[in-house]
Amino acid sequence: MRPLRERVRIVLVEPSHPGNIGSAARAMKTMGLTRLVLVNPAAFPHPEATAMASGADDLLEAAEVHPDLDAAIAGCRRVYGLSARRRALEWPMRTPETCVDEILATDVETALLFGRERSGLTNEELARCHALVHIPANPDYSSLNVAQAVQVMAYLLHRAAPSTERPIDTDGTGYPPATATELEGFFAHLESVLHRTGFLQPDRPGRMMLRLRRLFLRAAPDEKEVNILRGILSSVEDCCERGGGGD
Ligand code: SAH
């Protein structure tokens, strides 16, 4: 069983204040997490990040920097989006505790996504998540500083994961959950086929694709299942090419 520090990455999406990157690194290190991933940070490396990291600069040095979110979550088999709003999108929601329980119940590569200081995560980014997590707070003022949101999740993970991580619970399929890259490949394939069959309206595919994403992410398909789904899509494409009708 891989320890949390190896398989849980904290992803900060477009942080604008380098100090927050340092604070997030410190929050992580105090709770034994190590993998900090940055998507297109406004300024990094930066002396303010180093100052706020206050001894957690090893995490900053090891931080991965990616130009976009897809690259940052490429190998992840489970993705959670932290949202300051209770209902950012009609999407599966988890309490922080349930999120932590789910992480500990598996052995898979997992990402926790944290949004921009001003605007949080976009709907497109939230739509890459299997579930969203809201930290309950004052309903009239529920937006935590991003590094403090990292601290809350890191603490809960630390508290729930003593030396005794639980053995792996699986769904019994025998295959690992699909990675974010495999899922995005499937969604792109699905959208292209649904355009081709005329199921999607060319002018407004967005909402239907979001519903379909939500459905498939809720099912959390494994690698084999994604291959089967893509095989089905390919058979539809073959069928269209032949001019419809089976054999
Ligand atoms: N004004 C933004 C809030 C950004 S706070 C908005 O309305 O979305 C920056 C990031 O910190 C958020 O994107 C989220 O990832 C995290 N965060 C802040 N407060 C949170 C909360 N109560 N629950 C979960 N995540 C939170």
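Thresholds, definitions, all that
- Residues numbered from 1 in each chain as written.
- Predicted model: local features only at pLDDT ≥ 70, side-chain atom pairs only at ≥ 80, totals over all residues.
- Heavy atoms only, no water.
- Domains from an automatic or database assignment.
- Buried area = accessible area lost by both parts, 1.4 Å probe.
- Disulfide = S-S within 2.5 Å.
- Near = heavy atom within 4 Å.
- Polar contact = N/O pair within 3.5 Å; in protein donor to acceptor, adjacent residues only side chain to side chain.
- Areas by Shrake-Rupley, 256 points an atom, 1.4 Å probe, with all protein chains shown as cover.
- Nonpolar A, V, L, I, M, F, W, Y, C, P; charged D, E, K, R; others polar.
- Salt bridge = Lys/Arg side-chain N within 4 Å of Asp/Glu carboxyl O.
- Helix = DSSP H or I, 4+ residues; strand = E, 2+ residues; numbered from the N terminus.
- Buried < 20%, exposed > 50% of the residue type's maximum accessible area, 1.4 Å probe, protein only.
- Core = buried A, V, L, I, M, F, W, Y, C linked by side-chain atoms within 4.5 Å.
- Contact = heavy atoms within 4.5 Å.

1. Some remarks on the domain arrangement of the chain
How large an interface is tends to be reported as the accessible area lost when its parts come together.
Alright, step 1. Domain parsing of the chain yields domain 1 (4–164) and domain 2 (180–242).
Alright, step 2. Each of domain 1 and domain 2 has a C-alpha centre, and the two are 28 Å apart.
Alright, step 3. A buried area of about 1,100 Å², summed over both sides, lies between domain 1 and domain 2, and 56% of it is on carbon and sulfur atoms.
Alright, step 4. Of all residues in domain 1, the largest losses of buried area upon contact with domain 2 belong to E90, W91 and H130, amounting jointly to 38% of the total for that side.

2. Observations regarding the state of the cysteines
Alright, step 1. Summed over the entire model, instances satisfying the criterion amount to zero disulfides.
Alright, step 2. Between C99, a cysteine without a disulfide, and C129, which holds the nearest cysteine sulfur, the sulfur-to-sulfur distance is 10 Å.

3. Observations regarding the site of the ligand
Alright, step 1. Taken together, 19 residues lie near the ligand, and L82, R85, I135, S142 and L144 sit nearest.
Alright, step 2. One of the backbone N or O atoms of S83 is found 3.2 Å from a nitrogen atom in the ligand.
Alright, step 3. Interatomic distance of 2.9 Å between a backbone N/O atom of R118 and a nitrogen atom of the ligand.
Alright, step 4. Burial of the ligand by the protein amounts to 91% of the accessible area it has alone, namely 540 Å².
Alright, step 5. Among the residues forming the shell around the ligand, the class breakdown is eight nonpolar, seven polar and four charged.

4. Quick notes on the pattern of salt bridges
Alright, step 1. In total, this model carries 16 salt bridges according to the counting rule given.
Alright, step 2. Among the salt bridges present, the one from R77 reaches E223, with a minimum N-O distance of 2.8 Å. A residue pair is termed long-range when its members are at least 10 positions apart, and R77 in the loop between α5 (69–72) and β4 (78–82) and E223 in helix α11 (residues 223–241) qualify at 146 residues.
Alright, step 3. Where E184 meets R128, a salt bridge forms, and the shortest distance between an N and an O atom there is 3.5 Å. Remark: R128 occurs in the loop between α7 (123–126) and β7 (131–133) and E184 occurs in helix α9 (residues 180–196); sequence separation between them is 56 residues.
Alright, step 4. By relative accessible area, E184 is classed as buried at 18%.
Alright, step 5. Classification of R128 by relative accessible area gives buried; the value is 17%.
Alright, step 6. Taken together, the shared-partner salt bridges connect R2, R9, R35, E64 and E109 into one network.

5. A closer look at unusual backbone geometry
Alright, step 1. For the bond from F44 to P45, the omega torsion is -5°, close enough to zero to count as cis.
Alright, step 2. Along the chain, the position of P45 falls in the loop between β2 (35–39) and α3 (47–53).

6. Here we look at the nonpolar core
Alright, step 1. The biggest cluster of nonpolar side chains holds 40 residues, and the ones touching the most others in it are I10, L12, L36, L112, F114 and M153.
Alright, step 2. The leading source of residues in this core is helix α8 (residues 146–160), at eight residues.
Alright, step 3. With near-sequence residues (within four places) excluded, L12 lies in contact with I21, A24, L36, V37, L38, V39, F114, V146 and V150.
Alright, step 4. If you look at the next biggest cluster of nonpolar residues, it comprises 33 residues, including V13, C129, V193 and L212.

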